[in-house]
Structure formats: C-alpha cells, structure tokens
Amino acid sequence: ITLESALNRALEREEFILHYQPQFETQSGRLIGMEALLRWQHPELGLIAPNDFIPLAEVTGLIVPIGRWVMEEATRQAVEWSQLFPDLIMAVNLSARQFGQQDLIEQVRVVLEKTNLRPQQLELELTESMLMHAEEATDILKRLKDLGVRLAVDDFGTGYSNLAYLKHFPIDTLKIDQSFIQNLTKNGSADSRDRALLSAIINLAQALNLTVTAEGVEHELQLTFLTEEACDVLQGYLLKRPQPRELMSLWLEE
Ligand code: G
Ligand code: G
Ligand code: MN
Ligand code: NA
C-alpha cells in the first residue's frame, strides 16, 4: 500500500483530526483566536504530524479534499465555541494547491453560509510564496476579502519576498515566523540583532495597520520582549499547546 492510497483511505475513514492552539491578546491576556492544526490519527501508527503527509497530499492533489474538510470542521468548531467566546477567530492554514483552486472562493462562501459563522471570525493563513507565485493572487485575495474573512500571512519573514505586496494586498495579519522568536533565546541570551529584527517587523506591521502575531513563544524572556515591543497577539507552547477539540472544550469551559 502506498502512502498515496493510505491518504485516500484516511479521508474516507475520517482519520484526520484537528488540534487547536489558542492565540492571546498580549495587552489583556484575553483569548482571541484559535489556529486549527491538522493531524492524521493513523489506526496503527498513531498521530502523524502534517509535515509528514502534507507535502505528498500537495503533490497528489489530495490536499484539496483534505483542505475542504479542514475548513468545514474548523468552521463548525468555531460556531460551537462562539457560544462561549462570541468573537473568537478561527485561523485555518491554506496550502498552495488550495490557493490556486478555481473554486476556493465558492468553497469559503458555502462553508460560511452552511455554518452561519460570521465571516470576520474566519482567518485564512497564506504564505508569502503562495502570494508571490500565484498569478492571480491579487484577484483571489480581493474576492476572499469581499466575503468578509480575515487574511493572514503565515511564516512572515522567511519568504524573501518583495515587501511591496503588503501595500497592495488586503491583508489583516502578519504572523512572524517562529524562527525569529526562537532566535531571541537561542544562545541563552538575546542577541541585539535578533531583537532589532523582531522589533522592526513589529513596527512595520503596525505602521501598515496590520495585526501582528508572534508564534512559537516558548520562554518567559520572549514573552517579556514581545510585550515590551507591543506585539498584538501571542501564540506558543508557553501560553498553550495545541490540543484536540475535546480537551480544548474542557479548558474553554473553565
Ligand atoms: O502543527 P504543526 O506544527 O505540526 O504543523 C506543521 C506545519 O503544517 C505548519 O507549517 C502548518 O502550517 C502546517 N499545517 C497544519 N495544519 C494544516 C492544514 O490544515 N493545512 C495545511 N495546508 N497546512 C497545515
Ligand atoms: O506554519 P505554521 O505557523 O502554521 O505552523 C504552526 C506550527 O507550530 C504548528 O504545527 C504548531 O504545532 C507549532 N507550534 C505552536 N506553538 C509552538 C511553540 O511554541 N514552539 C514550537 N516549536 N512549535 C510550535
Ligand atoms: Mn499557521
Ligand atoms: Na508559521
């Protein structure tokens, strides 16, 4: 059995699950969002991380039906959790293949209509390389934005991109790549150049009126620095690890 047919079967047998990781407003400590993170619950191999199967799912095109399932599942979950947290934002990662899909806009429209989630509660995460390589990126982003959803650039700072796109694309959020946050504490003490870089990214985002999120916050020292620099939103193991729906629901109810 090939990995491809195993992935196909996983979809039929509903072996994909989502974990969710909270995002907090830095100033208030308030929970403001969740990122949906895909995992494959394999009957024999156990929990498989997305990096181990998404690349193949991309190549084979299976990421399209898988991605559609992710969006529906995460959106339904957002509606349920909205009873406790009415403005909760649900962030969903899109793959390059999904971004290039003709019916992406229709898919998003339908899922919002079916679930009744308010569009501003859905945030789609894209990477810089997707924006650079898709010929019709501007058009796709505008049409998504017209639906009222939020758009985020994930792994920001790793794409070697032309920054001019920040001016033209209707983006709401920059998610600073984890490596910038981790560099802060790599050698036990913060390198002044790493601090300067991070500070500059936060200032850039704020000058452009974008929400700026730091991912991969693992240490107090990172938290302190990001708070001093007035980074808007924090996400990382220090605050809360990704967890399956059931555990996250229990935590939310506390
Ligand atoms: O959750 P984890 O850190 O293992 O995620 C690893 C990578 O997989 C990250 O780059 C993340 O963006 C990606 N990823 C997680 N969930 C999804 C998903 O539903 N769709 C896509 N396309 N990528 C995802
Ligand atoms: O590429 P993307 O930003 O979507 O990837 C997010 C991934 O980062 C998720 O797979 C999640 O499991 C992982 N993650 C979340 N918080 C932390 C953290 O504090 N440290 C590390 N190393 N990974 C994290
Ligand atoms: Mn992400
Ligand atoms: Na990221």
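Quick note: structure is the one above.
So, here's what we can say about the structure. Only a predicted model underlies this, so the values are computations on that prediction, with no experimental measurement involved.

Some remarks on the pairing of strand 1 (residues 16–25)
Right, so step 1: The pairing of strand 1 with strand 2 (residues 31–42) spans 9 bridges and is classified as antiparallel. Looking at strand 2, one finds that Gln21 is bridged to Glu35.
Right, so step 2: In this antiparallel pair of consecutive strands, strand 1 and strand 2, the connection spans 5 residues, and Gly29 shows a positive phi of 75°.
Right, so step 3: Where strand 1 lies against strand 10 (residues 243–244), 2 bridges are found, and the strand directions are antiparallel. The residue bridging Tyr20 from the neighbouring strand is Gln243, located in strand 10.

Regarding the nonpolar core
Right, so step 1: Among the nonpolar cores identified, the biggest contains 60 residues, and Ala36, Met90, Val92 and Leu124 are the most heavily contacted of them.
Right, so step 2: Among the elements that make up this core, the one with the highest residue count is helix 3 (residues 63–81) (7 residues).
Right, so step 3: Setting aside chain neighbours within four positions, we find Leu124 in contact with Val92, Leu94, Leu144, Val149, Leu151 and Ala152.

A short note on the pairing of strand 6 (residues 150–156)
Right, so step 1: A large share of strand 6 lies buried, amounting to 6 of its 7 residues.
Right, so step 2: As judged from the 5 bridges shared by strand 5 (residues 122–127) and strand 6, these two strands associate in the parallel manner. Each bridged residue has a counterpart across the sheet, and for Leu124 the counterpart in strand 6 is Leu151.
Right, so step 3: Taken together, the 3 bridges between strand 6 and strand 7 (residues 173–176) define a ladder with parallel strand orientation. Counted as the bridge partner of Val153 is Leu174 from strand 7.

What to know about helix 11 (residues 220–228)
Right, so step 1: Taken together, the buried positions of helix 11 are occupied by Gln222, Phe225 and Leu226. Taken around the axis of helix 11, the buried residues stretch over an arc of 95°, which confines them to a single face. More than 90 degrees from the buried face of helix 11, the exposed residues found are Glu220, Thr224 and Glu228.
Right, so step 2: Its buried side turned inward, helix 11 meets helix 9 (178–183), helix 10 (192–207), strand 8 (211–214) and strand 9 (233–234).

Thoughts on the packing of helix 3 against helix 5 (residues 104–115)
Right, so step 1: As a packed pair, helix 3 and helix 5 sit with axes 10 Å apart at the nearest point and diverge in direction by 30°. As judged from the angle between their axes, helix 3 and helix 5 are roughly parallel. Seen along the crossing, helix 3 lies across helix 5 with a hand that is right-handed. Contacts between helix 3 and helix 5 involve Arg68, Met71, Glu72, Thr75, Arg76 and Val79 from the first element and Gln107, Val111 and Thr115 from the second.
Right, so step 2: Of the residues that constitute the contact of helix 3 with helix 5, the class distribution is 3 nonpolar, 3 polar and 3 charged.

Details of the environment of Asp155
Right, so step 1: Note on placement: Asp155 falls in strand 6.
Right, so step 2: Distance from Asp155 to Ile176, taken between C-alpha atoms, is 5.6 Å for residues 21 residues apart in sequence.
Right, so step 3: Beyond its immediate sequence surroundings of up to four residues, Asp155 is in contact with Thr127, Lys175 and Asp177.

Criteria and cut-off values
- Residues numbered from 1 in each chain as written.
- Chains lettered and ligands numbered in written order.
- Predicted model: local features only at pLDDT ≥ 70, side-chain atom pairs only at ≥ 80, totals over all residues.
- Pairing = 2+ DSSP bridges.
- Helix = DSSP H or I, 4+ residues; strand = E, 2+ residues; numbered from the N terminus.
- Core = buried A, V, L, I, M, F, W, Y, C linked by C-beta atoms within 7 Å.
- Buried ≥ 20, exposed ≤ 12 C-beta atoms within 10 Å, placed from the backbone.
- Contact = placed C-beta atoms within 7 Å.
- Arc of directions from axis to C-beta.
- Axes fitted to C-alpha atoms, helices over the stretch in contact; angles between N-to-C directions.
- Parallel < 35°, antiparallel > 145°, perpendicular 65-115°, else oblique.
- Left-handed = near helix turned anticlockwise from the far one by under 90°.
- Nonpolar A, V, L, I, M, F, W, Y, C, P; charged D, E, K, R; others polar.

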